[in-house]
Amino acid sequence: MPAPVNMLKAQLLDGQLQKGLWMGLANGAVAEMAAHAGFDWCLIDAEHGPNDLITIQSQLQAMNGAPAAAVVRVPVAEDWMLKQVLDLGAQTVRIPMIDTAEQAARAGAACKYPPHGVRGVGSALARASGYNAIPDYPTTANDQVCVMVQVESRAAIDNIDAIAGTDGVDVVFIGPADLSADMGYLDQLDAPEVEAAIAHAIARIRAAGKVAGIVLFNPRDFPRYIDKGVGFLGIGSDVTVLGGALRGLAQSV
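These notes cover the structure that comes with them. Position numbers for residues start from 1 in each chain and track the written sequence from start to end. Whole-chain, interface and lining totals are the exception, using all residues; otherwise, since this is a predicted model, local features are given only for residues with pLDDT of at least 70 and side-chain atom pairs are given and counted only at 80 or more. Remark: hydrogens and water are excluded; side-chain values derive from all non-hydrogen atoms of the structure.

### Focus: a nonpolar patch on the surface
Right, on to step 1. Within the patch definition used here, like charges are joined within 9 Å and nonpolar side chains (Val, Leu, Ile, Met, Phe, Trp, Tyr) within 5 Å, considering only residues with over 30% relative accessible area and no salt bridge. Working definition of accessibility: Shrake-Rupley area with a 1.4 Å probe, residue cover restricted to the visible protein chains. Salt bridge, as used here, is a side-chain nitrogen of Lys or Arg placed within 4 Å of a carboxyl oxygen of Asp or Glu. Residues Leu25, Val239, Leu242 and Leu246 make up a contiguous nonpolar surface patch of roughly 330 Å² in combined accessible area.
Right, on to step 2. A run of DSSP states H or I qualifies as a helix once it reaches four residues; a run of E qualifies as a strand once it reaches two. Both are numbered from the N-terminal end. Along the chain, leucine 25 turns up in the loop between β1 (18-23) and α2 (28-35).
Right, on to step 3. For leucine 25, a relative accessible area of 34% corresponds to the partly exposed category. Think of it in three bands: residues with accessible area under 20% of the maximum for their type are buried, residues over 50% are exposed, and the middle band is partly exposed, with areas taken using a 1.4 Å probe on protein chains only.

Written as structure tokens, this is what we have:
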């Protein structure tokens, strides 16, 4: 029996737009609701959200069988972190703060078993293999792992062709908040210089045959970036949706 098919990866590589939600509340019930709300994917954020292996596992379990695919963003590009998250059953992982092709290659290798990578082999103990119920998992998992690297600095934009051209990278995600800050425009995502850098990165990512991703929080921006060719689009977060709704309710009387 092979590893489960990663439908999110298949649809992204087929050119289908995939929209999703950022999840920073580290809550299984929220993950379960979000995964059935109509999104294509929901991202469990362990970089800025208060997530650890136990909360990641509980959210993956809550999303099991839901229409939305699970994506996990690790805190940093460390081999052991990626190994643990993959062993929990995540098939799509996001790696932040990638500035060079060398970093992208190391991140990609950490997500694949030898001979195509350096992922440690311990699937007999892992949720990813159904706790050893999928005997072919080690020999079939590589093709089903989707590797997303995040570019969010001036250095990364300078190296965008090399990063996007890295074997083993499926999606190059642009982090607009950190990119704008690194460019000297903190909290000014709509600065012309920032928008120009993002547009350049999207064009180069697509030219390399890879999927471009970004997260946006203003619905007016969605059509513009879809037209630019973004295939992996974040359209909000559980924190902002819930916080905004609660504030609106409190002010309604």
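### Describing the pairing of strand β7 (residues 211-215)
Right, on to step 1. Counting buried residues in β7 gives 5 out of 5 residues, a clear majority hidden from the surface.
Right, on to step 2. Of the two faces of β7, the one lined by Val211, Gly213 and Val215 and the one lined by Ala212 and Ile214 are each fully buried.
Right, on to step 3. Note: strand β6 (residues 171-174) against β7, 4 bridges, orientation parallel. Across the sheet, residue phenylalanine 173 finds its bridge partner in β7, namely glycine 213. Strands were regarded as paired on the criterion that DSSP finds at least two bridges between them.

### Things to note about the packing of aromatic side chains
Right, on to step 1. Any two of the Phe, Tyr and Trp rings considered here, Trp counted by its six-membered ring, make a pair once their centres fall within 6.5 Å; the pair's planes then place it as stacked at under 30 degrees, edge-to-face at over 60, or tilted in between. Evaluated as defined, the whole model comprises 5 aromatic pairs.
Right, on to step 2. Taking the centre distance of 6.4 Å and the plane angle of 75° together, the rings of tryptophan 22 and tryptophan 41 count as edge-to-face. With tryptophan 22 in strand β1 and tryptophan 41 in strand β2 (residues 41-45), this residue pair connects regions lying 19 residues apart in the sequence. In this structure, tryptophan 22 and tryptophan 41 share a single accessibility class: buried.
Right, on to step 3. Each member of the aromatic cluster is reached from another via a ring pair, and the members are Trp22, Trp41, Phe173 and Phe232.

### Describing the pairing of strand β8 (residues 232-237)
Right, on to step 1. With 5 of 6 residues buried, β8 is to be regarded as a mostly interior element.
Right, on to step 2. Sheet topology places β1 next to β8; 4 bridges connect them, and they run parallel. When the bridges of β8 are listed, glycine 20 appears paired with glycine 234.
Right, on to step 3. Both β7 and β8 contribute to a ladder of 3 bridges, which runs parallel. Following the sheet pairing, isoleucine 214 is matched in β8 by leucine 233.
Right, on to step 4. Convention used here: a crossover is right-handed provided that the path from the first strand, over the helix, to the second strand proceeds clockwise when the strands point away from the viewer. Considered for its hand, the β-α-β crossover made up of β7, helix α11 (residues 222-228) and β8 is right-handed.

### As for the environment of serine 58
Right, on to step 1. Take serine 58: it is sitting in helix α3 (residues 53-63).
Right, on to step 2. Along the sequence, serine 58 and glycine 168 sit 110 residues apart, while their C-alpha atoms lie 28 Å from each other.
Right, on to step 3. Polar side-chain contacts of serine 58 include one of 2.9 Å to the backbone oxygen of threonine 55. Here a polar contact is recorded for every N or O atom pair within 3.5 Å, except that within protein the pair must consist of a potential hydrogen donor and a potential acceptor, and residues adjacent in sequence are included only if both atoms are side-chain atoms.

### Notes on the packing of helix α4 (residues 79-87) against helix α5 (residues 101-110)
Right, on to step 1. Where α4 contacts α5, the two axes come as close as 9 Å, and the packing angle between them is 35°. The two elements α4 and α5 meet at a crossing, and its hand is right-handed. Residue-level contacts link Asp79, Leu82 and Leu86 of α4 to Arg106, Ala107 and Ala110 of α5.
Right, on to step 2. Partitioned by chemical class, the residues of the contact of α4 with α5 number 4 nonpolar, no polar and 2 charged. To get an axis, fit a line to the C-alpha atoms, keeping to the stretch in contact for a helix; angles then go from 0 to 180 degrees between the N-to-C directions. If you view the pair so one helix is near and one far, a crossing is left-handed when the near helix is turned anticlockwise from the far one by less than a right angle, and right-handed when it is turned clockwise. For this analysis, residues touch if any pair of their heavy atoms sits within 4.5 Å. Side-chain classes are defined by residue name, with Ala, Val, Leu, Ile, Met, Phe, Trp, Tyr, Cys and Pro counting as nonpolar, Asp, Glu, Lys and Arg as charged, and the others, Gly among them, as polar.

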